[in-house]
Protein chains: 4
Amino acid sequence: MPESANIVALLSGPDQRGLVAKVSSWIYEQGGNIIHADQHRDQEEGVFFQRVEWSPSENGSVEEQAKAFEAFGDSLGMKTNVAISGQKPNVAIFVSKIDHCFHDLILRWKAGEYPCEIKLVVSNHATLQNSSEQYGIRFFHIPISKEKKPDAEAEQLALLKKEGIDLVIMARYMQILSSIFLDTFGKPVINIHHSFLPAFAGARPYHQAHHRGVKLIGATAHYATADLDQGPIIHQDVARISHRNSVSELTRKGRDLEKMTLARAVGWHLENRILVYENKTVVFD
Amino acid sequence: MPESANIVALLSGPDQRGLVAKVSSWIYEQGGNIIHADQHRDQEEGVFFQRVEWSPSENGSVEEQAKAFEAFGDSLGMKTNVAISGQKPNVAIFVSKIDHCFHDLILRWKAGEYPCEIKLVVSNHATLQNSSEQYGIRFFHIPISKEKKPDAEAEQLALLKKEGIDLVIMARYMQILSSIFLDTFGKPVINIHHSFLPAFAGARPYHQAHHRGVKLIGATAHYATADLDQGPIIHQDVARISHRNSVSELTRKGRDLEKMTLARAVGWHLENRILVYENKTVVFD
Amino acid sequence: MPESANIVALLSGPDQRGLVAKVSSWIYEQGGNIIHADQHRDQEEGVFFQRVEWSPSENGSVEEQAKAFEAFGDSLGMKTNVAISGQKPNVAIFVSKIDHCFHDLILRWKAGEYPCEIKLVVSNHATLQNSSEQYGIRFFHIPISKEKKPDAEAEQLALLKKEGIDLVIMARYMQILSSIFLDTFGKPVINIHHSFLPAFAGARPYHQAHHRGVKLIGATAHYATADLDQGPIIHQDVARISHRNSVSELTRKGRDLEKMTLARAVGWHLENRILVYENKTVVFD
Amino acid sequence: MPESANIVALLSGPDQRGLVAKVSSWIYEQGGNIIHADQHRDQEEGVFFQRVEWSPSENGSVEEQAKAFEAFGDSLGMKTNVAISGQKPNVAIFVSKIDHCFHDLILRWKAGEYPCEIKLVVSNHATLQNSSEQYGIRFFHIPISKEKKPDAEAEQLALLKKEGIDLVIMARYMQILSSIFLDTFGKPVINIHHSFLPAFAGARPYHQAHHRGVKLIGATAHYATADLDQGPIIHQDVARISHRNSVSELTRKGRDLEKMTLARAVGWHLENRILVYENKTVVFD
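Residues numbered from 1 in each chain as written. Chains lettered and ligands numbered in written order. Predicted model: local features only at pLDDT ≥ 70, side-chain atom pairs only at ≥ 80, totals over all residues. Heavy atoms only, no water.

After a rotation of 180 degrees and a shift along the axis of 0.0 Å, chain D superposes on chain A with an RMSD of 0.0 Å. What the rotation and shift describe, once combined, is the action of a two-fold rotation axis. Of all interface residues in chain D, 100% are interface residues in chain A too; the two copies therefore contact each other through one and the same surface. (Least-squares fit on C-alpha atoms with pLDDT ≥ 70 in both. Contact = heavy atoms within 4.5 Å.)

Below is the structure:
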């Protein structure tokens, strides 16, 4: 956990000799001190990925140094994304009625685990209004009906824009976000699917798992894309089950799995540890 | 691990009140002493499953008491399967060139983990002939070609029959056994598939997993059926991977997973812990 | 999860031939129907343990049948403990300032995971008063000082007695309960210790773990006894750590471990799945 | 897995600004290309650790470039250790009669997992002589008696010296190596202890675990030091057990745990991924 403001940069692009040296030398020459640096080279594709975190020089503002690095990364031909620790992104949680991920995320945030601001909760049901407000988080009830889904999404988008939301977390939202929504929002959306994808995509995965007689159930946190359950996978985990477990017990066991899997994926995202590339993720954990 | 000869019975059939009492009273009245008993009731389907292990009375032979129980189980309308510990089933291992499961199974057997006789190894390649013979196990090289596959299977079936084989273990055999083979053999065949089924069925599962960008790889031990990779699952496990792992590293990590998953499934089978039911298994572990 | 009232009995005592038959026949003859039965025989000590759950006959009250079984168990020379599902035990949660187990237990209870009544929260600090009351649970602030600890414990005991508390959960209470308290209360107390006992008993286990350079941290849920951290272990789990993790990160990772470990131990206790024997537990999970 | 000869350097020493830049720039200027680089900064102690792997320039020999880097690392005030992939260290395996780790290590080596030469097996019993020789590895039977232990160790040391052994693996050797042995050998010795250290150090850890009633058993791979079971921990893992498991079953389950834990520790050591520091390890996995 950084105590003063650090700069975190994520770079990706065509591999070239000397990239590590160039990046670290640039930071050194600017008076920065590297705290962590991790890189990966996809040998098959010839792509280089790096996450580097440094404490900036005391001469000059952090913002200027971050901006200067972004220009430097561009000059290397790398896609470059720079964040400043302490500048907390704004987060919206989308929920339906199921509340375990909702409580878990908010309690972690209140315990100081997440460097973000949870600005608001959006739901198609009023069920969690009281709980939200007890946590001191504004709650927006936007009902969804088949006919009026475009209107509801437009209302959501206006809200996200007005509040400057940087990340949407679908904490068992149980609705599909349209590709229009995703494109218009234009920022990351993290979803939790309650199976070990690609097994049991689609509806009622615990029923599917029970029917097939698998011995493990899973959960998958991924970035939402227009193709449901097909987005880049961030994190997955499983839990052992047996013939003794009915579907309702799978559901109960699955709640812990979903909470933990989503919680970790959100943490990595907020710490700028994830690069997306060809529908996969590189997670610098 | 039973030291003297115990009787192990597996029962399954329509649930009815008093089954536990009837079975345990029968054993008690015959002078037996229950060592373990485990049962399961599928509430949805109304089916009862039981595994019961007991030390038989010293009056009368173990074989007679086992046979008497089988008749008793039938009289209850239950499918009944009785084994006597100490009467070791005969096992054949089918392999190709890949040898990690082959060595693992044989070394466990030699270490005393498996109550069976590994009578022979069958392979479509000569690669593991020397290793088999060093272990003191006969090796049968039966090449497979597309045109002559029926002939090869007929040769395998004749061998299995002649040697009185009770279980075939496909230890990364890399060939599909035809439904004719499976029906004619008529006894259990255990296969190891190197994915977390139903994800990545079919060929080259580690390539599929790498391409999809999953964060866990899996292995599945199952009874072979005519539909490849669709049989009743006995055991599954997973291992964590990351973007750093190439396909060849998935393959290396997967070897440990395959060994352990197959090894445990074989152990449960040999200890008569598995009941198959509607393409699922009940494992009394 | 039982839907109508079932009876759950836990028996333990000297092994004798025919126990399974006697118990199941008694239930059958009384018109009951066994739902689950699990037993264990400690071969070294010659002790028999059983958990049996049945739906009682519709003739006669559940309470009478439960009482009759208790007498029957006694007549077999077995220590017998009978519970009726639906009769929910009263629970008190003891906390200090650390709140992750506190929230986790209460949210699980509110989600229907725990067949109990959480009647009250006791704390030596006022920190969690608001949270308790938002959950609708009474909060009792009983400060502890070295000199007045006996008075505080007397106050706690009076409260537990008045409220008919059947189980105390120390959800990171950070205080030692005296042997006088434990003896006077006379009912189970479950504690969570944040290490893999017996490693790192005592204070500051994450500091101890970091200092020793272990690669896994642990958590242990156990029944509290006068010898701190020496009571019968109910459940343990571990999480992988690395050189990268500072003590504060071990603490953060440990929170999830503590929550999950305590939550499962409490669930097993409330479902009458635990028998204590010679400072160990038999858990029929 | 490196295909052509790479250089792997491990550095550790007092932290200073610009170390990453200096190291990567040196490699870049010499015409090398960094394949992997990983670093760690111990914030409390102010110590910097790095593992960097690069493909050397085609101008000049690999050996010269490795040597030049070593001098460069020294000039930075860092303890520097350089290895060339393809130059395989010589390994001796010390065993007693228990053979599961012995077979596992050798089969992994034969499968190409370990970049080393297993030159010889040393044992205080003749039990594994045949197996060693079937694997094509020379076997040295050096019996140990209390009185003649110094003589036996002298014989072992002479053998290790003569054969140019770089690493000793105690694969359940069941003997304590004296501090004289360890000092005289002067190179790493990896041991596997069959418990989750620091719990259950010393003799018969599975008996200790069974007696205490723990719910997980463990295994710990560590560098051997004069204080038995106190050396720097490389890797640890655990397996779940229950009241059903007797000591002999713990022993059986533990075998898999020991194999896997030792195997991974040896792999990391042979890939130069481990730095030892204040009785702890930094493992760049």
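Attention now moves to the sheet that holds strand 10 (residues 216–223) of chain A. Residues and elements named next belong to chain A. With respect to topology, 7 strands assemble into an open sheet ordered 7-6-5-8-9-10-11, the strand pairing being mixed. Pairing within the sheet leaves two strands with one partner each, and these edge strands are strand 7 (138–141) and strand 11 (233–240). For this sheet the average axis-to-axis angle between neighbouring strands, irrespective of direction, equals 20 degrees. Two elements, strand 10 and strand 11, share 7 bridges in a ladder whose sense is antiparallel. Counterpart to T220 in the pairing with strand 11 is Q236. Contacting strand 5 (90–95), strand 8 (167–170), strand 9 (189–193), strand 10 and strand 11, helix 8 (residues 247–270) crosses the sheet at an angle of about 30 degrees to strand 10. (Pairing = 2+ DSSP bridges. Helix = DSSP H or I, 4+ residues; strand = E, 2+ residues; numbered from the N terminus. Axes fitted to C-alpha atoms, helices over the stretch in contact; angles between N-to-C directions.)

On to unusual backbone geometry. Following B:L197, the chain continues to B:P198 via a peptide bond in cis, the omega torsion being 10 degrees. By secondary structure assignment, the location of B:P198 is in the loop between strand 9 (189–193) and helix 7 (205–212). The residue C:R172 is not glycine, and still its phi comes out positive at about 60 degrees. Looking at the element boundaries, C:R172 is found in the loop between strand 8 (167–170) and helix 6 (179–185). A residue is classified by how much of its surface remains accessible, and C:R172, at 7% relative accessible area, is buried. Phi is positive for C:M174, close to 65 degrees, though the residue is something other than glycine. Of the residues examined, C:M174 reaches a relative accessible area of 49% and is grouped as partly exposed. (Buried < 20%, exposed > 50% of the residue type's maximum accessible area, 1.4 Å probe, protein only.)

This next bit is on the interface of chain D and chain A. Tallying the contact residues gives 18 residues for chain D and 18 residues for chain A. In total, about 1700 Å² of surface goes out of reach between chain D and chain A, with carbon and sulfur atoms giving 48% of it. Contact with chain A buries area across many residues of chain D, yet D:R17, D:Y28 and D:R41 alone supply 34% of it, more than any other trio. Where chain D meets chain A, there are 12 residue pairs in polar contact (both at pLDDT 80 or more). (Buried area = accessible area lost by both parts, 1.4 Å probe. Polar contact = N/O pair within 3.5 Å; in protein donor to acceptor, adjacent residues only side chain to side chain.)

What follows is about the packing of aromatic side chains. According to the stated counting rule, one finds 38 aromatic pairs over all chains in the structure shown. An angle of 70 degrees between the planes, with centres 5.0 Å apart, marks the rings of A:F49 and A:Y277 as edge-to-face. With A:F49 in strand 3 (residues 47–55) and A:Y277 in strand 12 (residues 274–277), this residue pair connects regions lying 228 residues apart in the sequence. Given a relative accessible area of 1%, A:F49 falls into the buried group. Given the relative accessible area of 16%, A:Y277 is considered buried. Ring geometry for B:W26 and B:F69: centres 5.3 Å apart, planes at 75 degrees, overall edge-to-face. In this pair, B:W26 is assigned in helix 1 (residues 19–29) and B:F69 in helix 2 (residues 62–75), connecting sequence segments 43 residues apart. Exposure remark for B:W26: the relative accessible area of 14% places this residue in the buried category. Site record: aromatic cluster; members linked through ring pairs are A:W26, A:W54, A:F69 and A:F72. (Phe/Tyr/Trp six-rings, centres within 6.5 Å; stacked < 30°, edge-to-face > 60°.)

Here we take up the sheet that holds strand 11 (residues 233–240) of chain C. Pairing between the strands of a sheet comes from backbone hydrogen bonds, and it takes one of two forms, parallel or antiparallel. All names here are of chain C. Pairing within the open sheet is mixed, and its 7 strands lie in the order 7-6-5-8-9-10-11. This sheet does not close on itself; its edge strands, each paired only once, are strand 7 (138–141) and strand 11. Here the strands of the sheet are splayed against their neighbours by 20 degrees on average, with no regard to which way each runs. Note: strand 8 against strand 9 (residues 189–193), 3 bridges, orientation parallel. Within strand 9, the position partnered with I169 by the bridge is I190. In the packing of helix 8 (residues 247–270) onto the sheet, contacts are made with strand 5 (90–95), strand 8, strand 9, strand 10 (216–223) and strand 11, and the angle to strand 10 comes to roughly 30 degrees.

Turning to the relation of the copies chain B and chain A, a few remarks are in order. Each copy superposes on the other: chain B lies on chain A with an RMSD of 0.0 Å after a rotation of 180 degrees and an axial shift of 0.0 Å. Here 100% of the contact residues of chain B are again contact residues in chain A; the copies associate through an equivalent surface.

By a widely used convention, the size of an interface equals the accessible area lost when the partners come together. All names here are of chain A. Considered domain by domain, chain A is made up of domain 1 (7–84) and domain 2 (90–283). The C-alpha-based centres of domain 1 and domain 2 are spaced at 31 Å. Counting residues at the interface gives 12 residues for domain 1, matched by 8 residues for domain 2. Both faces considered, domain 1 and domain 2 share a buried interface measuring about 850 Å² in area, 61% of it formed by carbon and sulfur atoms. Together, L10, F49 and R51 form the three largest contributors to the area buried by domain 1 at its contact with domain 2, with a combined 55%. There are 0 salt bridges connecting domain 1 and domain 2. Joining domain 1 to domain 2, the criterion identifies 2 residue pairs in polar contact (both at pLDDT 80 or more). At the level of secondary structure, the elements contributing two or more residues to the side of domain 1 that touches domain 2 comprise strand 1 (7–14), strand 2 (33–42) and strand 3. Residues belonging to the side of domain 1 that touches domain 2 are distributed by class as follows: 6 nonpolar, 3 polar and 3 charged. (Domains from an automatic or database assignment. Salt bridge = Lys/Arg side-chain N within 4 Å of Asp/Glu carboxyl O. Nonpolar A, V, L, I, M, F, W, Y, C, P; charged D, E, K, R; others polar.)

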